[in-house]
Amino acid sequence: MSNYDYNLDNGMPAHHDWKRNIKRWKYLADSYQGGLAYKKGQYLQQYTLETGSQYGQRLDSTPLDNLCKNVVHTYTSFIYSQPIKREFTGLNEQTVNKFLKDCDLEGRSFESFMREVSIYSSVYGHCWVVVDKPSTPVVTLADQQAKNIRPYVSMYSPENVLDWGFERQENGVYELAQLILLEESNKEYAIVKCFYRDYVEVKKIEPETGNYEILQTYDNPLGAIPGFVAYTSRSPVRALGISDIDDIADQQRAIYTELSEIEQQIRLSGHPSIVATSGTELSAGAGAVITMDENLDVGLKPYLLQADAGSITSIIDSIKQKVSAIERMAHLETARGTRTAMSGVAMLVESRILSQKLSEKASNLAWAEEQLWGLFGMWEGTEWTGDVIYPD
């Protein structure tokens, strides 16, 4: 999802909110993705005196119970369990049908695209959507259709949106005035696409020095930035959302740490250490023979050093409490039936809280689609006057 792989603070345009939140966004993305991304994040606390190779082995042997992904996909399944009603009044039917089948010119359907918007806005709190159109010059609508030149959409995670700016209009509405996107990056250079009201600029920047080369410049025929923020839940700060897994990710990390402790306890209790003097001859395995010096002091005889496995039970109980806390934070206890001791009134209240949360997410997705279809109509030289209805 993200092209962010190194420090872009030097010589790169970056919003102060981007700099303040980038580490947290990467952590949330890793918490959702799990697997290799989570292992590379090194979210286990390294023990004192633990070597790098020992820490790496512990990272490889510790499993992740990915509850963040579970919560995000549960929310999405609720929202898209019913069909979304869309009216395309004012738009060309043939172009819309092509767009619904392939909205990003890479074969992805519009329904799949909006599901991903729902998922990643849930992970980060928000994501950005850009509705663009190839700048190839054409004369007629027939030429556009023949060359398949039509609007398409792209989704950008907050990690890849380096800078943005809003200007307040005379009517009091804040309108997006600039949008700077990270399209590609490596250690040598970064490709940045800058949207302004009048033109679009593509730059190749050297992050270490800030030197750049303008690769392409072309007019913006819309006179407006063809992008917007898709929220899962709005925060008091403009263009920043509130992640559905912000607190859940911390609980997941705590469970991850405790799973590592269980694995270590099993190893220590199942494979005790032998304490012996350097001159003692040992053999491993069942029926092993230990040969000691005849004159060895009785107090120095070999013995086993074995960890107490009783603490594993307390760690498991702690994990169960954290899983219960996650379901409580996500308001999924009644939906999954994991807490049977709740009263009828408590279950009703919990169900209403979940419904309200899902209703807010659905409303924000509907608003995002309205912005999208409005920009689609602008690119087509017409006005979209239809409607989008998500389940409430």
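Residues numbered from 1 in each chain as written. Predicted model: local features only at pLDDT ≥ 70, side-chain atom pairs only at ≥ 80, totals over all residues. Heavy atoms only, no water.

Novice: Just give me the short version of the environment of Ile225, but keep the residues and values in it.
Specialist: Summarising the element assignment, Ile225 is placed in the loop between strand S8 (212-219) and strand S9 (227-231). Given the relative accessible area of 5%, Ile225 is considered buried. Residues Ile225 and Gln178, spaced 47 residues apart in sequence, show a C-alpha to C-alpha distance of 6.7 Å. Residues within four places of Ile225 in sequence aside, it is in contact with Leu176, Ala177, Gln178, Leu179, Phe195, Tyr196, Arg197, Asn220 and Leu375. (Helix = DSSP H or I, 4+ residues; strand = E, 2+ residues; numbered from the N terminus. Buried < 20%, exposed > 50% of the residue type's maximum accessible area, 1.4 Å probe, protein only. Contact = heavy atoms within 4.5 Å.)

Novice: Outline the environment of Tyr43, supporting the account with residue identities and numerical values.
Specialist: With respect to the helices, strands and loops of the structure, Tyr43 is situated in the loop between helix H2 (35-41) and helix H3 (52-61). Each C-alpha atom of the pair Tyr43 and Ala254 lies 9.5 Å from the other, and the pair is 211 residues apart in sequence. With residues up to four places along the chain from it excluded, the contact list for Tyr43 reads Lys26, Tyr27, Asp30, Tyr38, Tyr55, Arg253, Tyr256 and Thr257. Looking at Tyr43, its side chain comes within polar contact range of the side chain of Asp30, at 2.7 Å. (Polar contact = N/O pair within 3.5 Å; in protein donor to acceptor, adjacent residues only side chain to side chain.)

Novice: I'd love a proper account of the nonpolar core, names of residues and values included.
Specialist: Core analysis: the biggest nonpolar cluster contains 91 residues, and Phe113, Val117, Trp128, Leu179, Leu372, Trp373 and Tyr390 have the highest contact counts within it. Sort the elements by how many residues they give to this core and helix H11 (residues 344-379) lands first, with eleven residues. Sequence-distant contacts of Val117, that is, excluding residues within four places in its chain, are made with Cys127, Val129, Met155, Ala230 and Leu365. (Core = buried A, V, L, I, M, F, W, Y, C linked by side-chain atoms within 4.5 Å.)

Novice: Describe in detail the sheet that holds S8, supporting the description with residues and values.
Specialist: Pairing is antiparallel in the open sheet, where five strands are placed in the order S4-S5-S6-S7-S8. The sheet is open, and its two borders are formed by strand S4 (161-168) and S8, each paired with just one other strand. Within the sheet, the average angular offset between the axes of one strand and its neighbour, ignoring direction, is 15°. Relative to strand S5 (residues 174-185), S4 is paired through seven bridges, and the arrangement is antiparallel. Bridge pairing links Gly165 to Gln178 in S5. (Pairing = 2+ DSSP bridges. Axes fitted to C-alpha atoms, helices over the stretch in contact; angles between N-to-C directions.)

Novice: Account for the pairing of S9, naming residues and giving values.
Specialist: Within S9, five of the five residues are buried, leaving the element largely enclosed by the surrounding structure. Taking every second residue as pointing to the same face, both faces of S9 are buried, with Gly227, Val229 and Tyr231 on one and Phe228 and Ala230 on the other.

Novice: Before we move on, can you summarise the packing of aromatic side chains with the specific residues and values?
Specialist: Per the stated rule, a full pass over the model turns up 15 aromatic pairs. Summarising the aromatic geometry, the rings of Tyr27 and Tyr43 are spaced 5.3 Å apart at their centres and angled 65° between planes, so their arrangement reads as edge-to-face. Taken together, the residues Tyr27 in helix H1 (residues 16-33) and Tyr43 in the loop between H2 and H3 connect sequence positions 16 residues apart. For the pair formed by Tyr27 and Tyr43, the shared burial category is buried. Judged by centre distance (4.8 Å) and plane angle (45°), the rings of Tyr38 and Tyr43 are tilted. What makes Tyr38 buried here is its relative accessible area of 1%. The buried category is assigned to Tyr43, whose relative accessible area is 10%. Aromatic rings pair up to connect Phe88, Phe99, Phe110, Phe113, Trp373 and Phe376 into one cluster. A cation sits over an aromatic face here: Arg234 above Trp367, 4.9 Å from the ring centre. (Phe/Tyr/Trp six-rings, centres within 6.5 Å; stacked < 30°, edge-to-face > 60°. Lys NZ or Arg CZ within 6 Å of the ring centre and 35° of its normal.)

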